[in-house]
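Coordinate analysis (summary)
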Amino acid sequence: MATRGENAPQQPIVVVGAGLVGAMTAILLSKRGYSNITVFDGRDDPSAEAQGGADGVHGRLGNVLKRSINLALSHRGICALKEIGLEGRVLGRSVAMEGRMIHPPGEKDAKNTVFQPYDHRPGQAIYSISREELNLSLLDEIKALPAISVVF
C-alpha cells in the first residue's frame, strides 16, 4: 500500500459524505498514514448506538422503508476491501453470484432460461450484499480508527 511521505504536512482533511465512497476514502487515507480526517454527512448516524441500541439490520437503519437494490461486488471492490482488511468480514455476509438466468428473445415458455456466467473461468463470482450492511461495516471500521472523526 502506498504511504505518504514522512515530511508530508498533516493539514486537516475533509471528506464529504459517509456513504460507501466517503467512508472508504477516509479509511484508505487513515491506513496510508494521514490523520486529522473529518467526514461530514447530512444524514443521521445509522449505528446501533445512535438508534437507541437497536439490534439487527433493520434496527440499525435510519429509514427501514427505504429500498435499495443490493450492491454487486466485483474484483475491484473486493480489492479495496482487502486493502482495508474487511474482505473476509464483508464476503462472509454476501451471496456469491456466478451468473444470471436469461429468457431468450421471443421465447413463449417462461420456464425456458439460459445461464450466462459473469466470468469465463469456472468458480468465479461477483458478490451481492446489502448497501446498508456494507456501509455499516465501513462505519464500524471508521470508529476503530482514531485518525477519523465523523459528524452526522
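Residues numbered from 1 in each chain as written. Predicted model: local features only at pLDDT ≥ 70, side-chain atom pairs only at ≥ 80, totals over all residues. Heavy atoms only, no water.

Quick look at a nonpolar patch on the surface
- A surface patch of nonpolar side chains, amounting to about 370 Å² of accessible area, comprises Val14, Val16, Phe40 and Val151.
- Here phenylalanine 40 falls in the partly exposed class, since its relative accessible area comes to 38%. (Patch = residues over 30% accessible without salt bridge, like charges linked within 9 Å, V, L, I, M, F, W, Y side chains within 5 Å. Areas by Shrake-Rupley, 256 points an atom, 1.4 Å probe, with all protein chains shown as cover. Salt bridge = Lys/Arg side-chain N within 4 Å of Asp/Glu carboxyl O. Buried < 20%, exposed > 50% of the residue type's maximum accessible area, 1.4 Å probe, protein only.)

Quick notes on the environment of leucine 136
- For leucine 136, the location among the structural elements is in helix H5 (residues 131-143).
- A sequence separation of 90 residues divides leucine 136 from proline 46, and the C-alpha atoms of the two residues are 7.4 Å apart. (Helix = DSSP H or I, 4+ residues; strand = E, 2+ residues; numbered from the N terminus.)

Re the packing of helix H1 (residues 20-31) against H5
- Between H1 and H5, the shortest axis-to-axis distance is 9 Å and the interhelical angle comes to 30 degrees. In terms of orientation, H1 lies roughly parallel with respect to H5. At the point where H1 passes H5, the crossing takes the left-handed sense. In contact with Leu20, Ala23, Met24, Ala26, Ile27 and Lys31 of H1, H5 contributes Arg131, Leu134, Asn135, Leu138, Glu141 and Ile142. (Axes fitted to C-alpha atoms, helices over the stretch in contact; angles between N-to-C directions. Parallel < 35°, antiparallel > 145°, perpendicular 65-115°, else oblique. Left-handed = near helix turned anticlockwise from the far one by under 90°. Contact = heavy atoms within 4.5 Å.)

Quick look at the environment of isoleucine 84
- Along the chain, the position of isoleucine 84 falls in the loop between helix H3 (75-83) and helix H4 (87-91).
- Classification of isoleucine 84 by relative accessible area gives buried; the value is 2%.
- Expressed as a C-alpha distance, the spacing of isoleucine 84 and lysine 31, which sit 53 residues apart in the sequence, is 7.3 Å.
- Look past the residues within four positions of isoleucine 84 in its chain and what remains in contact with it is Met24, Ile27, Leu28, Lys31, Leu138 and Glu141.

Here we look at the confidence of the model for the protein
- Confidence in the prediction of the protein, expressed as mean pLDDT, is 86, and 81% of residues score 70 or more.
- This model gives residues 56-62 a pLDDT under 50, and the stretch forms 16 contacts once residues within four places in sequence are excluded. (pLDDT = per-residue confidence, 0-100.)

Some details on the sheet that holds strand E7 (residues 126-129)
- The strand order E3-E7-E4 describes an open sheet built from three strands, whose pairing is antiparallel. Taken across any chain shown, the strands that pair with only one partner, and hence form the sheet edges, are strand E3 (71-73) and strand E4 (95-97). The mean angle between the axes of side-by-side strands here comes to 35 degrees, regardless of whether they run parallel or antiparallel.
- Across three bridges, the pairing between E3 and E7 is antiparallel. Paired with alanine 72 across the bridge in E7 is serine 128. (Pairing = 2+ DSSP bridges.)

Here we look at the nonpolar core
- Core analysis: the largest hydrophobic core is formed by 24 residues, its most contacted members being Leu73, Leu81, Ile84, Leu138 and Ile148.
- Secondary structure elements with two or more residues in this core: strand E1 (13-16), H1, strand E2 (37-40), E3, H3 and H5.
- Per-element tally for this core: the top contributor is H1, with five residues. (Core = buried A, V, L, I, M, F, W, Y, C linked by side-chain atoms within 4.5 Å.)

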